[in-house]
Amino acid sequence: MGYEDEIKAGSAKHAPPADLVGKFQYGTAGFRMKAKDLDAVVYRVGLLAALRSKKLNGQTVGVMITASHNPPEDNGVKLVDPMGEMLESSWEAYATSLANADSDQQLVDWYNNLAKNLRINLDAPAKVIYARDTRASGSRLVGCLQDALSATGAQYTDFKLATTPQLHYYVRCTNTKGTQDEYGEPTEKGYYEKLGAAFKQAMEHHKTSGGLVVDCANGVGGPKLRELVKYLPTAAEGGIDIKIVNDDVHKPDTLNSSCGADYVKVNQRAPPSSKAGANDRCCSLDGDADRIVFYFLDEKNTFRLLDGDRIATLAASFIGDLARQAGLGDKLNVGVVQTAYANGAATMYVENNLKLPVICTPTGVKHLHHAATRFDVGVYFEANGHGTVVFSPSALKTIHTCQPESPAQADALSTLGALTDLINQTVGDALSDMLLVEVILAHKHYRCADWLSSYTDLPNRLLKVEVPDRNQFQTQEGTAERKLAQPQRIQDEIDKMVAKFSNGRSFARASGTENAVRVYAEANTRAEADDLAANVAAIVK
Ligand code: 16G
Ligand code: ZN
């Protein structure tokens, strides 16, 4: 059978639900929906993965099957480019068009058209690697993917269960192996060894204090963290005393249910199952372990959240200090990238106290990541806990070739060097970020309360508004989603409403992952923030 017949045969096996054809959309995090509707989409993403790899001369492309923090019955699929970054944005439209082909023949035609328009040699080799989270639907969807890869003659490797950031890591390692940019061993063991060794180096002469309770959202982060722990120094050796909770991956319904980073961030409370006492350091991962938030109960038993903004400010301040201590203060420009959801107080703290530049981008890791690469050291985090730090090639060179002039400089350089390995440079990684935070807290002799005290958050509220068609809500270019271009009437009304609140800030944007509009509001007091959010939600509705 020729490839066209193979593609058609596979497509016939994985037909899309008729009522959804024309509606599939490669969004902020790829395709995401009820898992039962996803077979055809995954099959077609497999075709595109093969095309992408062929286009890139057989470099390895990744496919991750996950729906992250969404409910257990959902699933999703996204592509990872060769350096472990998100799929190049012009290709998102190709993914959308293949997903919406309304017959097997049309799918083949569009596949051929893409190859022709993009000048892809269909005889070129293709290499694809993939993994999935713990969702029950994952293995069935992997079957759909494999059918597509077989039909296109792609070589493929199944990394089975992995966190999303692990897959990004595997992709980059595979493509850089044997080059001067070698990123690590493309194996699970290689990932743990790299993080373990970097953590050990960064913790030289330092000790963590108190334990850390890690809520794994009953997702893939649980078993992976259990493995990682084997590569870390024990608590007695100065490592972290980690207590893992919510790591049941055998009851699929428990995934992200009343636990995990999204639950904690959205509800601004600890998981109801939490037994943590006052000042116990806690953190929560999401279902695919690319997001993390920290929290604790203060002396008055009040819940205190340390979200992505807090991790960004902590990391930026620490790295800025290290660069100065290493004598590289004027050689490394450190900057912070946030989205419109960053608390206004965090932005002011970075600009006024840390004296570092801040860039604001639209939501979605690809935007933040891209902007972060404009700095020598770019710290990017979404408030929801997704983020990382990227070091430019020249920053890496500076750090690794600098000759220290004092023991203090040598120490700072060694820690900085360790961070470049500890931090997953490909994408936000909850496990890597968790270790980063632990290192910083140990170096600064901080408890959570000290970390929290660096600035005071402005009271804020995030609401979700169900709307008939989210696509009617278009943001204005260049405003990083803080203003709507369409419907203009709604933006005008929001502006008028915000003007009634002192220090008020509010915006509405269409979600990239659900058919809803999100409303964010910030104001001087809790009551005003709630009031502003409710009023803006009413305008949007
Ligand atoms: C996706 C994004 C996440 C973003 C979220 C916003 C990636 C890998 N993930 O999960 O960064 O915060 O979407 O969701 O880019 P929303 O568009 O529904 O608000
Ligand atoms: Zn996630």
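Residues numbered from 1 in each chain as written. Chains lettered and ligands numbered in written order. Predicted model: local features only at pLDDT ≥ 70, side-chain atom pairs only at ≥ 80, totals over all residues.

What follows covers helix α14 (residues 407–422). For α14, which comprises 16 residues, the first-to-last C-alpha distance of 22 Å matches the rise-based estimate of 22 Å (1.5 Å per residue) to within 8%. Considered for burial, the residues of α14 that qualify are Ala412, Leu413, Thr415, Leu416, Leu419 and Leu422. Buried residues along α14 sit against α7 (188–202), α10 (308–325), α13 (393–401) and α15 (430–444). (Helix = DSSP H or I, 4+ residues; strand = E, 2+ residues; numbered from the N terminus. Expected span 1.5 Å × (residues − 1). Buried ≥ 20, exposed ≤ 12 C-beta atoms within 10 Å, placed from the backbone. Contact = placed C-beta atoms within 7 Å.)

So, about the site of ligand 1. In the vicinity of ligand 1, 14 residues are found, and the nearest of them are Ala29, Val365, Ser511, Gly512 and Thr513. Partitioned by chemical class, the residues of the shell around ligand 1 number two nonpolar, nine polar and three charged. (Near = placed C-beta within 6 Å. Nonpolar A, V, L, I, M, F, W, Y, C, P; charged D, E, K, R; others polar.)

A separate point is the domain arrangement of the chain. Each domain of the chain was delimited in the assignment, giving domain 1 (3–161), domain 2 (192–306), domain 3 (308–452) and domain 4 (460–540). Each of domain 2 and domain 3 has a C-alpha centre, and these two points are 20 Å apart. With 34 residues of domain 2 in contact, the opposing surface of domain 3 contributes 30 residues. Contributions of two or more residues to the side of domain 2 that touches domain 3 are made by α7, β6 (211–215), α8 (221–229), α9 (260–267), β8 (281–285), β9 (292–297) and β10 (303–306). (Domains from an automatic or database assignment.)

The next thing to look at is the sheet that holds strand β1 (residues 31–34). Hydrogen bonds along the backbone pair up the strands of a sheet, which may run parallel or antiparallel. Strand order in this open sheet of five strands is β1-β3-β2-β4-β5, and the pairing throughout is mixed. Both edges of this open sheet fall to β1 and β5 (155–161), since each of them pairs with a single strand only. For this sheet the average axis-to-axis angle between neighbouring strands, irrespective of direction, equals 15°. Pairing of strand β2 (residues 60–65) with strand β3 (residues 74–80), which is carried by four bridges, proceeds in the antiparallel orientation. Looking across to β3, one finds that Ile65 is bridged to Val77. Strand contacts of helix α5 (residues 138–151): β2, β3, β4 (127–132) and β5, with the helix running at about 170° to β4, the strand carrying the most contacts. The strands touched by helix α6 (residues 164–176) are β2, β3, β4 and β5; relative to β2, the strand with the most contacts, the crossing angle is about 170°. (Pairing = 2+ DSSP bridges. Axes fitted to C-alpha atoms, helices over the stretch in contact; angles between N-to-C directions.)

For helix α12 (residues 365–372), the buried fraction is high: seven of the eight residues fall into the buried class. Those residues of α12 that sit buried are Val365, Lys366, His367, Leu368, His369, Ala371 and Ala372. Close packing links the buried residues of α12 with β11 (334–339), β12 (358–361), β13 (377–381) and β14 (387–391).

What follows is about the nonpolar core. One finds Val128, Ala315 and Val379 to be the most contacted residues of the largest nonpolar core, which totals 158 residues. Considering every element that reaches this core, the biggest residue donor is helix α2 (residues 39–55), with ten residues. Apart from the residues within four sequence positions on either side, Ala315 is in contact with Val379, Val389, Leu436 and Ile440. (Core = buried A, V, L, I, M, F, W, Y, C linked by C-beta atoms within 7 Å.)

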